[in-house]
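Residue strings, one per chain:
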Amino acid sequence: MGPGLLWLALFLVIPCAIVFCFSFFERGVYGGIDYIFTFENFQRAIDPLYLSIFLKSAKIAGTATLVALFLAYPAAYAISKAPPNRQTALLVLAMLPFWSNYLIRTYAWIVLLNREGLINTGLRDLGWIAEPLPLLYNEFAIITGLVYNYLPFVILAVYSSISRLNPEILEASEDLGAPSWKTFLRVTLPLTMPGVAAGSVFIFVLSIGNFITPDLLGGGNLLMVGNIIYDQFLTARDWPFGATLSFILIGIMMALLFTQAILVRRAQGDAPEKEEANA
């Protein structure tokens, strides 16, 4: 484990520690850092303006998470029920978007969603709309971009959980007379919650800190936490305040990952007990 731990220490732990230290200093007159100890950055971070941006970011990330789960679970379930010789091909198709650059995929949505884009043009040609729909540079476009870019991760997490299910438990439920929908709600869904939780945390963490998608698909009309951090480091050159916001965001992510790990451990501990009870 030595090489891996050394890599994490050099490129994850130490940079996070530096960010944490920078958050306690002041901004220099011409940007950068003035090494004067202060708590002012944390006081600024709880200002209603920045709190509203945090809440807005959490709302957008939460909505993207729910939409992704709604799309990913049926897809993962269908892949797991496909013949074994086809599952690999279906998983490759699910991961196919990752073969192109993130920016290219995001710009493609601009082409699709703009007023003269493929979607508006197609709906207008069909006679379903008279005026172009406002699909771009709003919250809808941001959520669409986040879901599209991170959906494969959720599919993989849920598929991994479903594929590990013991088929004998599902057969036992059917043998006891439970219909398919009841077996799914009472057996399949609870036992696959670790995968659902992992996928949810993954897309939420990536979405709340994203700044490229809100910048391109939101057109600068909606600011998320990632955009504020980006501007503090590269535009305002207020590194201490940017470090403070970064540290708060890292804290939120770590809390979510820790909670997800606890839930997965509890679910894994309860699974053998449920199997013994069913037996």
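What you are looking at is a predicted structure, and each value in this text was computed from that prediction instead of being measured. (Residues numbered from 1 in each chain as written. Predicted model: local features only at pLDDT ≥ 70, side-chain atom pairs only at ≥ 80, totals over all residues. Heavy atoms only, no water.)

> Just checking my understanding: could you explain the packing of aromatic side chains for this structure?
Between two aromatic rings, the relevant description is the distance of the centres plus the angle of the planes. Tallied over the full model, the rule gives 18 aromatic pairs. Ring centres of F20 and F24 lie 5.0 Å apart, and the angle between their planes is 85 degrees; on these two criteria the pair is classed as edge-to-face. Ring centres 6.4 Å apart and planes at 40 degrees place the aromatic pair Y102 and Y150 in the tilted group. Pair noted here: Y102 is in helix α5 (residues 102-113) and Y150 is in helix α7 (residues 139-163), with a separation of 48 residues, a long-range link. For the pair shown, Y102 and Y150 are each scored as buried. Linked through ring pairs, F20, F24, F37, F39, F42 and F247 together constitute an aromatic cluster. Positioned over the ring face of F241 is R44, at 3.8 Å from the centre of the ring. (Phe/Tyr/Trp six-rings, centres within 6.5 Å; stacked < 30°, edge-to-face > 60°. Helix = DSSP H or I, 4+ residues; strand = E, 2+ residues; numbered from the N terminus. Buried < 20%, exposed > 50% of the residue type's maximum accessible area, 1.4 Å probe, protein only. Lys NZ or Arg CZ within 6 Å of the ring centre and 35° of its normal.)

> What exactly am I supposed to notice about the packing of α5 against α7 here?
Any two packed helices are characterised by the angle at which their axes cross and by the distance between the axes. Packing of α5 against α7 leaves a shortest axis separation of 11 Å and a crossing angle of 140 degrees. Taken as axis vectors, α5 and α7 run oblique relative to one another. The two elements α5 and α7 cross, and the hand of that crossing is right-handed. Two secondary-structure elements touch here, α5 through Y102, R105, T106, W109 and L113 and α7 through F140, A141, T144, Y148, N149 and Y150. For the contact of α5 with α7, the per-class residue count stands at seven nonpolar, three polar and one charged. (Axes fitted to C-alpha atoms, helices over the stretch in contact; angles between N-to-C directions. Parallel < 35°, antiparallel > 145°, perpendicular 65-115°, else oblique. Left-handed = near helix turned anticlockwise from the far one by under 90°. Contact = heavy atoms within 4.5 Å. Nonpolar A, V, L, I, M, F, W, Y, C, P; charged D, E, K, R; others polar.)

> Looking at this model, I keep getting lost on the pattern of salt bridges. Mind explaining?
One side chain can pair with another of opposite charge once the charged atoms of both are near each other. Scanning all chains against the criterion turns up four salt bridges. Residue K56 pairs with E139 through a salt bridge whose shortest N-O separation is 2.9 Å. Here E139 lies in helix α7 and K56 lies in helix α3 (residues 48-81), a separation of 83 residues in the sequence. Between R124 and E116 there is a salt bridge, with the nearest N and O atoms lying 3.4 Å from each other. Bridged by salt links that share partners, the residues K56, K59 and E139 form one connected network. (Salt bridge = Lys/Arg side-chain N within 4 Å of Asp/Glu carboxyl O.)

> Any chance you could explain the nonpolar core here in plain terms?
A general tendency of soluble globular proteins is for nonpolar side chains to be buried together. V154, I155 and V158 are the most contacted members of the largest nonpolar core, which has 26 residues in total. Take this core: its biggest share by element is eleven residues, from α7. (Core = buried A, V, L, I, M, F, W, Y, C linked by side-chain atoms within 4.5 Å.)

> Can you walk me through the UniProt feature "transmembrane region" (unreviewed entry) in the protein in this structure?
Under the present numbering, the feature "transmembrane region" (unreviewed entry) in UniProt falls on residues 60-79, 91-112, 140-159, 191-212 and 241-264. Taken end to end, residues 91-112 is 73% helix and 0% strand, and its first and last C-alpha atoms sit 25 Å apart. (UniProt positions renumbered as here; feature names shortened; annotations may be inferred.)

> What is the right way to look at a negative patch on the surface in this model?
Together, E168, E171, E174 and D175 line one region of the surface with negative charge. Secondary-structure assignment places E171 in helix α8 (residues 167-175). By relative accessible area, E171 is classed as partly exposed at 44%. (Patch = residues over 30% accessible without salt bridge, like charges linked within 9 Å, V, L, I, M, F, W, Y side chains within 5 Å. Areas by Shrake-Rupley, 256 points an atom, 1.4 Å probe, with all protein chains shown as cover. Lys, Arg positive; Asp, Glu negative; His and termini not counted. Charge placed at Lys NZ, Arg CZ, Asp CG, Glu CD.)

> I would appreciate a short explanation of the UniProt feature "domain: ABC transmembrane type-1" (unreviewed entry) in the protein in the present structure.
UniProt's entry tags residues 54-260 with the feature "domain: ABC transmembrane type-1" (unreviewed entry), counted in the numbering of this structure. Segment residues 54-260 splits into 77% helix and 0% strand. End C-alpha atoms: 21 Å apart.

> Please clarify how the side chain of S57 should be interpreted in this entry.
Position of S57 relative to the elements: it lies in helix α3. Ignoring any residue separated from it by four or fewer positions in sequence, one finds S57 in contact with I208, L223, M224 and V225.

> How should I be thinking about the side chain of N227 in this particular structure?
Locating N227 in the fold gives a position in helix α12 (residues 225-234). Sequence-distant contacts of N227, that is, excluding residues within four places in its chain, are made with N210, F211, P214, D215 and L222.

> Would you mind showing me how to read the environment of T63 here?
Turning to its location among the elements, T63 is positioned in helix α3. The spacing of T63 and M254 is 191 residues in sequence and 20 Å in space, taken between C-alpha atoms.

> Honestly, the environment of V205 in this entry has me stumped. Any pointers?
Along the chain, V205 falls in helix α10 (residues 193-208). With a relative accessible area of 13%, V205 lands in the buried category. Beyond its immediate chain neighbours, meaning those up to four positions away, V205 contacts M253 and L256.

> What should I look at first to understand unusual backbone geometry in this one?
Leaving glycine out, the prevailing phi sign among residues is negative, and the prevailing peptide bond configuration is trans. A positive phi angle, close to 60 degrees, is found at Y137, a residue other than glycine. For Y137, the location among the structural elements is in the loop between α6 (118-125) and α7. Phi at R237 takes a positive value of approximately 55 degrees, unusual for a residue other than glycine. Along the polypeptide, R237 turns up in the loop between α12 and α13 (239-278). R237 gets classed as partly exposed once you look at its relative accessible area, which sits at 38%.

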